[in-house]
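Residue strings, one per chain:
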Amino acid sequence: MPNPKGTPENLKPIKSERDEPLTEKMNIRMTKTMKEEVQQQDNPPEFCREAIQEKLDRNKSKSST
């Protein structure tokens with residue numbers, strides 16, 4: 001009888017090559033149009049992370065000058 005929870009490899013934690021692990025979650029409100037456009041991206045979560053990081057970097061460089 002097959003294991004209903006999958007193979008043992010599926011139970012191992014996902015290894016990441018990031019400097020920091022992705023441990024936190026955040027909910028945001030957006031327009032329906034924005035949501036549709038984000039969902040059309042190849043990797044919507046990574047797209048959002050990159051967009052947020054770009055904005056944070058831009059703000060950091062503005063405040064340091």
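In what follows, the structure referred to is the one given above.
Residues numbered from 1 in each chain as written. Predicted model: local features only at pLDDT ≥ 70, side-chain atom pairs only at ≥ 80, totals over all residues. Heavy atoms only, no water.

## As for the pattern of salt bridges
Keep this limit in mind: Any carboxyl oxygen of Asp or Glu that lies within 4 Å of a side-chain nitrogen of Lys or Arg is treated as forming a salt bridge with it. Helical segments are the DSSP runs of H or I of at least four residues, strand segments are the runs of E of at least two, and each set is numbered from the N terminus. Categorising residues by exposure relies on relative accessible area from a 1.4 Å probe, with only protein chains included: less than 20% of the type maximum marks a residue as buried, more than 50% marks it as exposed, and the intermediate range marks it as partly exposed.
Counting across every chain of the model gives 2 salt bridges. Glu46 is the partner of Arg18 in a salt bridge, and the nearest nitrogen-oxygen pair spans 2.3 Å. Remark: Glu46 occurs in helix α2 (residues 44-64) and Arg18 occurs in the segment before α1 (32-39); sequence separation between them is 28 residues. Here Arg49 ties to Glu46 by a salt bridge, and the two come within 3.0 Å at their closest N and O atoms. Remark: Glu46 and Arg49 occur in helix α2; sequence separation between them is 3 residues, near one turn of the helix. The partly exposed category is assigned to Arg49, whose relative accessible area is 33%. Taking the relative accessible area as the measure of exposure, Glu46 reaches 19% and is therefore buried. When salt bridges that share partners are traced, they join Arg18, Glu46 and Arg49 into one network.

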